[in-house]
Amino acid sequence: MPVEPSTPPAPNAPDAPSSSVARRSLLAAAGAVGAAGLVGATGAPAVASPARGQRHSAALVVHNARVFTGVRGDGPARAVAVGRDGRILAVGSDSEVRRFAGRDTDVVDARGGSLLSGIHDGHAHPTDAATRSLRPSLDSAEQTVEELQKTLTGFLKDSSGEGGGEPDGWLVVEDWNPVGLLPRGTAPHHSMLDALPTRRPIALRGGDGHNMWVNQRALDIAKITATTPDPVGGKIVKGADGKPTGVLKDDAQPLVSRHIPEPGEAELVAAAAKVFAEAAASGITTFMEAVVGEDELDLYRALAAAGKLPQRIVPALRLTSEQAKDPRASVAYAKKLRDDFDGVRGLRFGTVKVFLDGVIEYPAQTAALLTPYLDKDGKPTDHRGDLYVSAPDFGRLTAAFNTEGWQLHAHAIGDRAVRTALDGYAYALRHTDRRDVRNTIAHLELVDPADLRRFAELGVTACMQLQWATRNVWTMDSLLPHLGAARHRWLYPARSLQSHGARLSGGSDWPVDPLQVWNQVRTAVDRRGTDADGEGDLYRAKEGISRTSSLLMHTLGTARQLRMAHLTGTVERGKQADLVLLDRDVTRCPVAEISGAEVRLTLRGGTVVHDGESSSGRAATARVTRAAGRPRATCGCG
């Protein structure tokens, strides 16, 4: 394009693109104004009336756009002016907004593409994406044991000169697919890794974030034996002989991961700068980082100091299952972290995160279910998964934080975990009468129909990752036989939740999946997306939502979840200019074409954080495109 702000970024603001400004002339006359891209039918667009004597030329004007304002009742709009304070100055027709273009205004022709609020990702792990990017990846591939061993042998050779040689240098590999060993049903065992030509400790990190597979050397370093007890919230998988198999679930993973050397700060900051640039190239202007501790906050501090943080960040401070039992100490812990890092520009504290269960796919099956899983023949078992925090403990914890004005964000995959979260939130509401905190449940892979109405009754936000809602090996082969058709029909019940009054928000759970924002928006509608196996959709007629609803859940819906809707989430005068310009009109194009949308321009607070035609912008877009070719992992990283 290339475009950058007329005024330089403030200290610690995200870097502007490196290319120079290309001035545009606003068209003298706009063509016919279409009605696409709006959430209402009639009404006047918002156009400011400049005060006499005040300078009112805009820093930036985007015209010839299809503006999706996200505001019900707004009339059609084709142009937006951004003020020099980083706020939206005017929204309206080309002719109405034209008067805000002065000699020093940067003007962009949208060429009929959509202009809408920046995407708000209500559940992701961007700093984990940075760490993963520094390590070799299996890309969630399905492989036989022999194929896997060949791949890992290559990784051993490639990493032998990086301070990771024999016998003590760790080989840590990302994006292992816990359901991907072939033939289907093959159980991972440390002996398969022990057969590799090395004495080095090896750890394969599951792409779902809930599983780790290690060799015997790593078990020995961690001192994990047959007598090692399971930690609270985790499981050391053991074989029929009672000995560890090398698979660690959930909070058993730190038994090994605490021994793995971390990358240096400079290396990690550089990697994080790249992944946040990729997010800007995807149109994301706000993240909720779903698992945050002191290490992640230290990284954010370094990124902000370097001017490399292009998004607004809501850190969800992670509480362990043990911490959840002590509300007073947990509140003190969260407040201390807030106080220690409250000066970091771009961070907005006020959220804590709790895992209530694990993942639902076979063979992990750590998600908590109301009725037991079925075996491979469809017969009932006595296994209902793992519930890491009880409803009474979760209720008391929620009440303590809600009293302080903080919100809870619960990981709940199975229907029993979802009910536990709702029961806890009901307890907190009775004891605090706080409806304004926007407590949230994330993932909601399986919800019992009896609980659908409770979301609206309790004011609970349903944060869903609907790029998972497709027919593929994870939803069909790994789930259908073990749930049965009657329960399986309730996978990702977005429309049912919405029809019962629940407010939806959206998230990616990146890097569990590649960051494919627009495929995520599309899949919520057609329940097919680019991830489907070609056998049709996943209950589209029952659970697909409208295109407008999908765009809203990923903008205004998540802004509401994060308690930022007064600042962002819609395109209206006075709000922060967190905007994204696309290469097509996603409100009118065929639904399948939404997946291929490319971001031409991303603004955060009026500052350009991605210019798709600059050299740095093209590089970030290329990385996003390459990552989009990766297969997905199993659901529910955090």
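Before reading on, note that the structure itself is shown above.
Analysis parameters
Residues numbered from 1 in each chain as written. Predicted model: local features only at pLDDT ≥ 70, side-chain atom pairs only at ≥ 80, totals over all residues. Heavy atoms only, no water. Helix = DSSP H or I, 4+ residues; strand = E, 2+ residues; numbered from the N terminus. Contact = heavy atoms within 4.5 Å. Areas by Shrake-Rupley, 256 points an atom, 1.4 Å probe, with all protein chains shown as cover. Expected span 1.5 Å × (residues − 1). Buried < 20%, exposed > 50% of the residue type's maximum accessible area, 1.4 Å probe, protein only. 1 Å grid on protein atoms, 1.4 Å probe; cavity = no way out; pocket = protein on both sides within 12 Å on 5 of 7 lines; lining within 4 Å. Points joined across faces, edges and corners; volume = space filled by probe spheres on them. Nonpolar A, V, L, I, M, F, W, Y, C, P; charged D, E, K, R; others polar. Core = buried A, V, L, I, M, F, W, Y, C linked by side-chain atoms within 4.5 Å. Pairing = 2+ DSSP bridges. Axes fitted to C-alpha atoms, helices over the stretch in contact; angles between N-to-C directions. Parallel < 35°, antiparallel > 145°, perpendicular 65-115°, else oblique. Left-handed = near helix turned anticlockwise from the far one by under 90°. Salt bridge = Lys/Arg side-chain N within 4 Å of Asp/Glu carboxyl O.

Tallying secondary structure elements over the protein chain gives 21 helices and 24 strands in all. Considering only contacts within the protein chain whose residues lie at least 6 apart along the sequence, 76% involve residues at least 24 apart. As displayed, the protein chain offers around 23,400 Å² of accessible surface, 49% of which is attributable to carbon and sulfur atoms.

Bringing helix H8 (residues 294-305) into the picture now. In this model, H8 (12 residues) spans 16 Å end to end at C-alpha, consistent with the 16 Å of a helix rising 1.5 Å per residue. Among the residues of H8, those classed as buried are Leu297, Leu299, Tyr300, Ala302, Leu303 and Ala304. For H8, the secondary structure elements touched by its buried residues are helix H2 (126-133), helix H7 (265-281), strand S15 (284-292), strand S16 (312-319) and helix H9 (327-341). Looking at the residues trailing H8, positive phi occurs at Gly307, about 70°.

Once that is clear, we can look at the environment of Asp298. You can see Asp298 is positioned in helix H8. Along the sequence, Asp298 and Val344 sit 46 residues apart, while their C-alpha atoms lie 9.6 Å from each other.

Under the defined criterion, the tally for this structure stands at three cavities of 30 Å³ or more. Put simply, the largest cavity is a space of about 70 Å³. Around the largest cavity, the lining residues are Asn402, Tyr425, Leu429, Arg434, Arg435, Val437, Arg438, Asn439, Leu458 and Gly459. Residues that form the lining of the largest cavity fall into these classes: four nonpolar, three polar and three charged. Each pocket or cavity is described by its volume, and for the second largest cavity that value is around 50 Å³. The class makeup of the residues in the lining of the second largest cavity is five nonpolar, three polar and one charged.

Take the nonpolar core next. Counting 107 residues, the largest nonpolar core has Ile441, Phe455 and Trp518 as the members making the most contacts within it. Dropping the residues within four chain positions of it, Trp518 is found in contact with Leu116, Ile119, Ser282, Leu551, Leu582, Ile594, Ser595, Ala597 and Val599. Grouped together as the second largest cluster of nonpolar side chains are 19 residues, Leu60, Val91, Leu115 and Leu601 included.

Further remarks concern the sheet that holds strand S13 (residues 234-238). Here five strands make up an open sheet; going across it, the order is S9-S11-S12-S14-S13 and the pairing mixed. Each edge of the open sheet carries a strand with a single partner, namely strand S9 (171-176) and S13. Between one strand axis and the next, the sheet turns by 20° as a mean value, whatever way the strands run. Direction of pairing for S13 relative to strand S14 (residues 244-250): antiparallel, over a ladder of four bridges.

Where H8 contacts H9, the axes come no closer than 11 Å and their chain directions differ by 15°. It follows that H8 is roughly parallel to H9 by the angle criterion. Once H8 is placed against H9, the crossing between them reads as right-handed. Together, Glu294, Leu297, Asp298 and Arg301 of H8 and Leu337, Asp340 and Phe341 of H9 make up the contact between the two elements. Counted by class, the contact of H8 with H9 contains three nonpolar, no polar and four charged residues.

Once that is clear, we can look at the sheet that holds strand S4 (residues 88-92). Taken together, the four strands give an open sheet; going across it, the order is S4-S3-S1-S5, and neighbouring strands pair in mixed fashion. The open sheet is flanked by S4 and strand S5 (106-109), the only strands paired with a single partner. Across the sheet, the mean angle from the axis of one strand to that of its neighbour is 10°, orientation sign disregarded. Inspection of the sheet shows strand S1 (residues 60-63) paired to S5 by four bridges, in the parallel sense. Its bridge partner being in S5, His63 is matched across the sheet by Asp109.

Applying the stated criterion to the full structure yields 30 salt bridges. Residue Asp128 pairs with Arg132 through a salt bridge whose shortest N-O separation is 2.9 Å. With Asp128 and Arg132 both in helix H2 and four residues apart, this pair spans about one turn of that helix. Looking at Asp128, the relative accessible area reads 16%, which means it is buried.

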